[in-house]
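# Summary of structural features
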2 protein chains.
Amino acid sequence: MQAARTLEQTECHSFSWQSSFSQKRRLMDDSGIRAILGIASRPGILSFAGGLPDPKLLPLDEISECSRTVLSTYGHAALQYGVSDGVNALAHELSRLSNRKGADCAPLNIIPTTGSQQGIDLIANAFLNQGDPIAVTSPTYLGALQIFSAFEPRYLQISCDDEGPILSDVEAALKQRPAFFYVVSIFQNPTGITISRKRGEAIVGLCHAYDVPIVEDAAYQELFYDAEPVSLRVTESELLRASGRRYEDDGRVIYLGTLSKVMSPGLRVGWIEAPSAVVRAIACLKQGTDLHSGIMNQFIAAEFLRNHADEYWKGIRVAYKERRDQAVYSVKQHLGSLAQRCTSPQGGFFLWVEVDQKIDTAQLLPISVERFGVAFAPGAPFFASHATSNAMRLSFSNLPVEMIERGIKSLGEALHSQ
Amino acid sequence: MQAARTLEQTECHSFSWQSSFSQKRRLMDDSGIRAILGIASRPGILSFAGGLPDPKLLPLDEISECSRTVLSTYGHAALQYGVSDGVNALAHELSRLSNRKGADCAPLNIIPTTGSQQGIDLIANAFLNQGDPIAVTSPTYLGALQIFSAFEPRYLQISCDDEGPILSDVEAALKQRPAFFYVVSIFQNPTGITISRKRGEAIVGLCHAYDVPIVEDAAYQELFYDAEPVSLRVTESELLRASGRRYEDDGRVIYLGTLSKVMSPGLRVGWIEAPSAVVRAIACLKQGTDLHSGIMNQFIAAEFLRNHADEYWKGIRVAYKERRDQAVYSVKQHLGSLAQRCTSPQGGFFLWVEVDQKIDTAQLLPISVERFGVAFAPGAPFFASHATSNAMRLSFSNLPVEMIERGIKSLGEALHSQ
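Residues numbered from 1 in each chain as written. Chains lettered and ligands numbered in written order. Predicted model: local features only at pLDDT ≥ 70, side-chain atom pairs only at ≥ 80, totals over all residues.

## Description of the overall build of chain A
Scanning chain A for helices and strands turns up 17 helices and 14 strands. By the compact-globule yardstick of 22 Å for 418 residues, chain A fits well, its C-alpha radius of gyration being 23 Å. C-alpha extents for chain A along the principal axes are approximately 75 × 60 × 50 Å. Relative to its 418 residues, chain A shows a buried fraction of 59%. Long-range contacts, defined as pairs at least 24 residues apart, comprise 74% of the intrachain contacts of chain A with a sequence gap of at least 6. (Helix = DSSP H or I, 4+ residues; strand = E, 2+ residues; numbered from the N terminus. Rg over C-alpha atoms; globule rule 2.2 N^0.38 Å. Buried ≥ 20, exposed ≤ 12 C-beta atoms within 10 Å, placed from the backbone. Contact = placed C-beta atoms within 7 Å.)

As structure tokens, this is what we get:
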């Protein structure tokens, strides 16, 4: 056993996996999402931390029916390898959905992804070189910042008001020719704010003027509780049509969609809508990344969109609207003047509260959990600069109304204790 | 409509998506797999090109049963978000499988991936910096080369004989401290060759002596048609045990497994086995990449492994063995002296043929398809250097025996025509 002896001789080496890891591994800090999900799952805690749909509202019966139909209709084709471009039936349903909203979308403008998290990752890999400038809002989705930060980008940060990104900030950022402008346009994660129609037109105009692609993350689009929102994707299509042009030729908006909030996160079905030159580039990167997303799940999603989505979405809008109303009411009642700013979202899962500048919400969180039994997402990780420490994101999606009332009351007590 | 006017003004810009793309996008060339899959799917062609399981052999009934069980047993939990580390039930089944073979594996040594293609991509991202040296065999899996090439690595190429990588080449490569040694150890894609037990011990010993991680891709491990093969992962566990040490502390073999060839490619269930420090690093990268792989599919895979795998695997080994036997026989009969070297795989999907040095198989392919109705995978893309032009990979997995006979006869005619 010469080899065994060799292994014994190596015993004294000081091998370390940590020192073997790449720079990218070191740059990708997962503490944000991971810590939030960890806290959210502790028993007995009323948690406004995670951005999860209520599992009891997931369409179990519909998905069971779709699974049976897919396996009996498509059979082995649902279980075999596919192409990176995805399942035709799904691209067809998604382009129909997009056209119905007023966009100009063909199936070749669609590529399914493993949730929209993979959509962001693929777009980052397709467009970003190490150290490139990119434009983001302050705050923005922390899972996107986690991806971008591995590229050590120069962040061009854009402040927001209640109509969305502030135009002077947008223009100042675009002048520096970022690789793209990433923006959660509708019921934003984390603030709940939606870009107004007028602001949207101006942003699209600026991005065309400076030739900067917009990466529009619209994960919460279907979850409207008042008027149906308009995406930048649709605004651009309308503006292009008005000047006799087509999305495929002249579109600059790359749209990220997902069924995670409005069907099932566990199926991991998201998609990218883009001019086909971008879709082809993404398909090529996706092939190296995982060949393609799950085929059976893509068929199930297509079946769900065709037969169940409209009705199911109506139902969950009613259920989540009640929670949104309760959350807004309870925040007014129990936080009162403790909340220096509080958003009133027209949809989605989140509202955003800014408290006294003296309070660091990241430091408040363990106290709030241990002594008051209530959790929230501290605001700092949602800023590229981590500069704002007195904000918090409250997710009202995964608690029944009476728990929302009780939880926000406890949160008020936690804030009062400071 | 000031914004609309803005869009009109931008009409004369010479915007190009191509020039917006990243260096990585440009480096990731997908022509290899994509071209092969394209040719494989033309109607009327007898194709030895793709490495696909026969769809008629996929366990449709078993997977249908598992889907029903999972949705009725786990319900909403199968459709909700999960953690990047994967579903416990699956990690448990996979560690049991690994221990049964003689490895030393706990559930915390396992992380599920979206097929083993994503396993390779995650490992590349965890260990590789731009320009790093990595050791690979010549030839090796082209999908891995596609991933690695985006890092512009310095390839340290290792030649193989019928027992696997040649030791003097391995040692010469390891001396240059590559980030890792990637090797398809069992029924290799593309050659079908398996590393012998003795060669495996020596390779493991060398990697320990030089402190270089081995990335063992064992995608075809369960498809043995003669004796059951032994992975480097198991060889290392045995050597470590012999010197009183544990995989978790001193393992250097990172193992990539997949159910794509032995259950369903369309479900995209693969996994990485590694010491937990590596699993944690991979989980962190995976979170940024796609949060996690499909939850329902992970539960279905666990259910399949528990209740169906052993019996199903016995059945497909018999079916594919018959095809392997036919392929080896037909090559001898119809290619004869045209084949200067031909492997005799003990399992898997592939055999490898080297023909006269004058023949460039990439140039032969279109002639072979158009005039003789038969397709194969040219050998060059399986080499980091693309230097060998007179080889071809023949996949016998997706053709009935009579088609194998006819196809190889036609291939002989195509070669004769040169």
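Additional details are given in the paragraphs that follow.
## Here we look at the nonpolar core
Core analysis: the biggest nonpolar cluster contains 263 residues, and Phe181 of chain A together with Phe181 of chain B have the highest contact counts within it. Leave out the neighbours within four places in its chain, and phenylalanine 181 of chain A touches Ala135, Ala173, Leu174, Cys207, Val212, Ile214 and Val215 of chain A. (Core = buried A, V, L, I, M, F, W, Y, C linked by C-beta atoms within 7 Å.)

## Quick notes on the sheet that holds strand β4 (residues 154–161) of chain B
Pairing between sheet strands relies on hydrogen bonds along the backbone, with the strands arranged either parallel or antiparallel. Residues and elements named next belong to chain B. Read from one edge of the open sheet, eight strands run β2-β9-β8-β7-β6-β3-β4-β5, paired in mixed fashion. Across the chains shown, the open sheet's two edge strands, defined by having one partner strand only, are β2 (110–113) and β5 (164–165). Two elements, β4 and β5, share two bridges in a ladder whose sense is antiparallel. Following the sheet pairing, aspartate 161 is matched in β5 by glycine 164. (Pairing = 2+ DSSP bridges.)

## Section: the interface of chain B and chain A
Quite often, the size of an interface is put as the accessible area lost when its parts meet. Taken together, the contact pairs 82 residues of chain B with 84 residues of chain A. When residues of the side of chain B that touches chain A are assigned to their parent elements, the largest contribution, nine residues, is made by helix α13 (residues 276–290) of chain B. A class-by-class count of the residues in the side of chain B that touches chain A yields 41 nonpolar, 30 polar and eleven charged. (Nonpolar A, V, L, I, M, F, W, Y, C, P; charged D, E, K, R; others polar.)

## Details of the relation of the copies chain B and chain A
Of the transformation superimposing chain B on chain A, the axial component is 0.0 Å and the angular component is 180°, with the fit at an RMSD of 0.0 Å. As the rotation angle and translation indicate, the two copies are arranged about a two-fold axis. Interface residue correspondence from chain B to chain A reaches 99%, placing this contact among same-surface, isologous pairings. (Least-squares fit on C-alpha atoms with pLDDT ≥ 70 in both.)

## Notes on the environment of lysine 198 of chain B
All names here are of chain B. The residue lysine 198 is located in helix α10 (residues 197–209) in this model. Judged by C-beta crowding, with 13 C-beta atoms within 10 Å, lysine 198 ranks as partly exposed. In this structure the C-alpha to C-alpha distance between lysine 198 and glutamate 163, which are 35 residues apart in sequence, comes to 8.7 Å.

## A closer look at the environment of alanine 319 of chain A
Within the secondary structure layout, alanine 319 of chain A lies in helix α15 (residues 309–335). What makes alanine 319 of chain A partly exposed here is the crowd of 14 C-beta atoms within 10 Å.

## Quick notes on the pairing of strand β3 (residues 133–138) of chain B
Residue and element names in this part refer to chain B. As paired strands, β3 and β4 are joined by six bridges and run parallel to one another. Its bridge partner lying in β4, valine 136 is registered against glutamine 157. Between the parallel pair β3 and β4, the chain is carried across by helix α8 (residues 142–149), and the sense of this crossover is right-handed. (Right-handed = clockwise from strand over helix to strand, strands pointing away.)

## Side note on the sheet that holds strand β9 (residues 270–273) of chain A
Residue and element names in this part refer to chain A. The strand order across the open sheet formed by eight strands is β2-β9-β8-β7-β6-β3-β4-β5, and the pairing between neighbours is mixed. For this open sheet the edge positions go to β2 (110–113) and β5 (164–165), each flanked by a neighbour on one side alone. As judged from the four bridges shared by strand β8 (residues 253–258) and β9, these two strands associate in the antiparallel manner. Along β9, the bridge assignment pairs threonine 258 with glycine 270. Here helix α11 (residues 232–242) sits on the sheet and contacts β7 (214–217), β8 and β9; the angle it forms with β8, its principal contact strand, is near 140°. (Axes fitted to C-alpha atoms, helices over the stretch in contact; angles between N-to-C directions.)

## Re the environment of tyrosine 210 of chain A
All names here are of chain A. Structurally, tyrosine 210 is set in the loop between α10 (197–209) and β7. With 19 C-beta atoms counted inside 10 Å, the residue tyrosine 210 sits in the partly exposed group. Residues tyrosine 210 and proline 178, spaced 32 residues apart in sequence, show a C-alpha to C-alpha distance of 9.7 Å. Setting aside residues no more than four positions away along its own chain, tyrosine 210 makes contact with Leu174 and Lys175.

## Let's talk about the domain arrangement of chain A
Residue and element names in this part refer to chain A. Along its sequence, chain A is organised into domain 1 (35–58 + 312–416) and domain 2 (80–307). Relative to domain 2, the C-alpha centre of domain 1 lies at a distance of 26 Å. In this complex, domain 1 contributes 26 residues to the contact, which on the side of domain 2 involves 27 residues. Looking at the side of domain 1 that touches domain 2, the elements that each hand over two or more residues are α15 and β11 (350–355). A per-element tally of the side of domain 1 that touches domain 2 places α15 first, with six residues. (Domains from an automatic or database assignment.)

## Comments concerning the packing of helix α13 (residues 276–290) of chain A against helix α7 (residues 115–127) of chain B
In contact at an axis separation of 5 Å, α13 of chain A and α7 of chain B are set at 95° when each is read in the N-to-C sense. Considered as vectors, α13 of chain A and α7 of chain B are oriented roughly perpendicular to each other. Here Gly288, Thr289 and Asp290 of chain A of α13 of chain A lie close against α7 of chain B, whose contacting residues are Gly115, Gln117, Gln118 and Asp121 of chain B. Here the residues of the contact of α13 of chain A with α7 of chain B sort into no nonpolar, five polar and two charged. (Parallel < 35°, antiparallel > 145°, perpendicular 65-115°, else oblique.)

## Some remarks on helix α7 (residues 115–127) of chain A
With 13 residues, α7 of chain A ought to run about 18 Å at 1.5 Å a step, and its terminal C-alpha atoms sit 19 Å apart, in line with that. For α7 of chain A, the tally of buried residues reaches 13 of 13 residues, placing the bulk of the element in the interior. (Expected span 1.5 Å × (residues − 1).)

## Quick notes on unusual backbone geometry
As a rule of thumb, non-glycine residues mostly have phi less than zero, and peptide bonds are mostly trans rather than cis. A cis amide bond links asparagine 189 of chain A with the next residue in sequence, proline 190 of chain A, at an omega value of 25°. Along the polypeptide, proline 190 of chain A turns up in the loop between β6 (181–184) and α10. Residue proline 139 of chain B is bonded to the preceding serine 138 of chain B through a cis peptide linkage, with omega at 0°. Phi is positive for leucine 291 of chain A, which is not a glycine, with a value near 65°. Phi angles above zero are rare outside glycine, and aspartate 211 of chain B is one such case at about 50°. Its location among the elements puts aspartate 211 of chain B in the loop between α10 and β7 (214–217).

## Focus on the pairing of β6 of chain A
All names here are of chain A. Going residue by residue along β6, you find Phe181 and Val183 tucked away on one face and Tyr182 and Val184 tucked away on the opposite face as well. Bridge count for strand β3 (residues 133–138) against β6 is two bridges, and the pairing is parallel. Bridge pairing in β6 links alanine 135 to phenylalanine 181. As defined by bridge partners, β6 adjoins β7 across four bridges and the pair is classed as parallel. If you follow tyrosine 182 over to β7, its bridge partner there is valine 215.

## A closer look at α13 of chain A
All names here are of chain A. Between its first and last C-alpha, α13 extends 20 Å over 15 residues, near the 21 Å set by a 1.5 Å rise per residue. By the criterion of burial, α13 is predominantly enclosed, with twelve of the 15 residues buried. All of the buried residues along α13 are Val278, Val279, Ala281, Ile282, Ala283, Cys284, Leu285, Lys286, Gln287, Gly288, Thr289 and Asp290. One or two residues past the end of α13 sits leucine 291, with phi positive at roughly 65°.

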